[in-house]
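# Descriptive analysis of the structure
Residues per chain, in single letters:
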Amino acid sequence: MKIGIVITHPTQFDVPIFKLGHEFIEVIYTDRKRVTNIYDPEIKQTVKWGDKNLEGYKFDVIPEKGAFKWIYRKFKAAKYDLIITNGYANKYYVSSIVLGKFFALKNAIRVDSVLYNNKSRVKRIYKQLVYFFLKIFIDHFFVVGTLSKNHLLKYGIKDEKISNFGYISDNDFFSTSLTVPSEQKEELKEALGISPASKVVLCISKHNEREAPFDTLQAFEKLHDDTLHLLLIGDGPLHQKLIDMAGSLKIKNVSFAGYIKFTDLPIYYSISNVFIHDSHDEPWGVSVQEAIACALPVITSDKVGASFDLISEGKNGYVFKAGDVEGLVEKMKLSLVMDKALLAQTNLAILDQWNYKKTLENIVAAV
């Protein structure tokens, strides 16, 4: 068995799957510049995910010159049993899909689109055309979650041709937050200006139009609870606007930690009591699973795709309507008094279904 995966660059949620399936997976990266230096335009800085994203599995990088000829020769020689293309939004992905069909390989594509992003009539027509052609070229469709699956079903893709290949976080890595020594937690709280006795409400997001936690700031102010402290992690073009808003709302118990690299996140989860992701447009949201692996209750808006698969209402978290600040206030109150035994049981059951092993099984089953 041989599986090829065409994707722009390595990420912290895909590389562990590549390593787990290293005996039969070959990865083809399309963006040479982002293979080693991953610049995120939404936060305008290089993202640090550790130094081992290119170890422990087979990969190639498409050359800048003669790319189409290189892909042609690669597909012809490799004779993949399954070729998975991570979307259709660039010329290398289109080439992969076309050549997969040309060489009569089993063609698959990974999709993270959701229906609520198809707001304009023009975009809906465009999607209809895209899926008309994809149904001709693609044998199997991978989705990141239920919302993406509903998107495909809406455009006529048959249920039996769809399975999960999600954006999975490292459950074992994030569960290390549960064993952080109390002295380290106390030191971090002190460094962030958080009272030792305070319960921490954590929000990790990009500070841009799509994700910025303005709703969380407003809801936190309305709680009027001096025993709580709001910790915002992230950066982006609206970072200063969030700081200014906190000032105008006269929120004293709030800390802005800025961008924190992926490998340092567990200790921040370890000092937290509840996690919030209030994005108005997030097809998935990897931080939701990270927080669950850290044994936290999670609150998200209904525009966060992960909420439909990872949150069981009232058992391990809550979902509120995006933009409904009063609704978020109520969910925050409820999350702080959740049944801890039920929370732990629910989180473990969910993580048992959302992990690298289960995802690899789904990939292999599509061959």
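First things first, this report covers the structure right here in the doc. The residue numbers shown here count from 1 along each chain, following its written sequence. At least 70 in pLDDT is required for a residue's local features to be given in this predicted model, at least 80 for side-chain atom pairs to be given and counted, and no such filter applies to totals for whole chains, interfaces and linings, which use all residues. The side-chain numbers reported here are obtained from all heavy atoms of the structure, hydrogens and water having been left aside.

### Focus: the overall build of the chain
Helix and strand counts for the chain come out as 16 helices and 15 strands. When we talk radius of gyration, it's over C-alpha atoms, and the globule rule is simply 2.2 Å times the number of residues to the 0.38. Computed over the C-alpha atoms, the radius of gyration of the chain is 21 Å, within 12% of the 21 Å expected from 2.2 N^0.38 for a compact globule of 367 residues. Projecting the C-alpha coordinates of the chain onto the three principal axes gives extents of approximately 65 × 45 × 40 Å. Only protein chains enter the calculation, and the probe is 1.4 Å; a residue is then buried if its accessible area is under 20% of its type maximum, exposed if over 50%, and partly exposed in between. For the chain, with 367 residues in total, the buried portion stands at 54%. In the chain, the share of contacts with a sequence separation of at least 24, taken over all contacts with a separation of at least 6, comes to 69%. For the area figures, the Shrake-Rupley method with a 1.4 Å probe applies, and any residue is considered shielded solely by the protein chains shown. Carbon and sulfur atoms make up 53% of the accessible area of the chain, which amounts to about 17,000 Å² in all. Charge counting follows a simple rule: Lys and Arg are positive, Asp and Glu are negative, and His as well as the terminal groups are ignored. Where a charge lies is defined by one atom per residue type, namely NZ (Lys), CZ (Arg), CG (Asp) and CD (Glu). Once the 47 positive and 43 negative side-chain charges of the chain are each reduced to a mean point, those two points are 9 Å apart. Only DSSP runs of H or I reaching four residues or more are called helices, and only runs of E reaching two or more are called strands; each is numbered from the N terminus. Only heavy atoms matter for contacts: two residues are in contact if any of them lie within 4.5 Å across the pair.

### Let's talk about the pairing of strand S6 (residues 82-85)
Here S6 shows two buried faces, one formed by Leu 82 and Ile 84 and the other by Ile 83 and Thr 85. Any two strands with at least two DSSP-identified bridges between them are counted as paired. For strand S1 (residues 3-7) and S6, the ladder comprises four bridges, and the chain directions are parallel. In the strand pairing of S6, Ile 5 is matched with Ile 84. Summarising the sheet, S6 and strand S7 (residues 107-111) pair through three bridges and their orientation is parallel. Opposite Ile 84, over in S7, you have Ala 108 as the bridge partner. Seen with the strands pointing away from the viewer, any crossover whose path from the first strand over the helix to the second strand runs clockwise is right-handed. A crossover connection joins S6 to the parallel S7 through helix H4 (residues 91-102); in handedness this β-α-β unit is right-handed.

### Digging into helix H8 (residues 182-192)
Every buried residue of H8 is listed here: Leu 188, Lys 189 and Leu 192. Each buried residue of H8 lies within a common arc of 100° when the element is viewed along its axis, so the set occupies one face. Exposed residues lying more than 90 degrees from the buried face of H8 are Glu 186, Glu 187, Glu 190 and Ala 191. Of the surrounding elements, those touching the buried residues of H8 are strand S10 (199-204), strand S11 (228-233), strand S12 (254-258) and helix H11 (265-270). Looking one or two residues past H8, Gly 193 carries a phi angle of roughly 75°, positive in sign. What the arc measures is the spread of directions leading from the helix axis to the C-beta atoms.

### Thoughts on the packing of aromatic side chains
Centre distance and the angle of the planes are the two values used to describe a pair of aromatic rings. Here is the rule: rings of Phe, Tyr and Trp (six-membered ring for Trp) pair when centre to centre is within 6.5 Å. Planes less than 30 degrees apart are stacked, more than 60 are edge-to-face, and the remainder are tilted. Per the counting criterion, the structure on display carries 17 aromatic pairs. Between Tyr 131 and Tyr 155, the ring centres sit 5.2 Å apart and the planes meet at 20°, which makes this aromatic pair stacked. With Tyr 131 in helix H5 (residues 121-137) and Tyr 155 in the loop between helix H6 (146-154) and strand S9 (162-164), this pair connects stretches of sequence that are 24 residues apart. Residue Tyr 131 is classed as buried on the basis of its relative accessible area of 1%.

### Remarks on the environment of Asp 31
Following the sequence through the fold, Asp 31 ends up in the loop between strand S2 (25-29) and helix H2 (32-36). Taking the C-alpha atoms as reference, Asp 31 lies 5.1 Å from Thr 8; in sequence the two are 23 residues apart.

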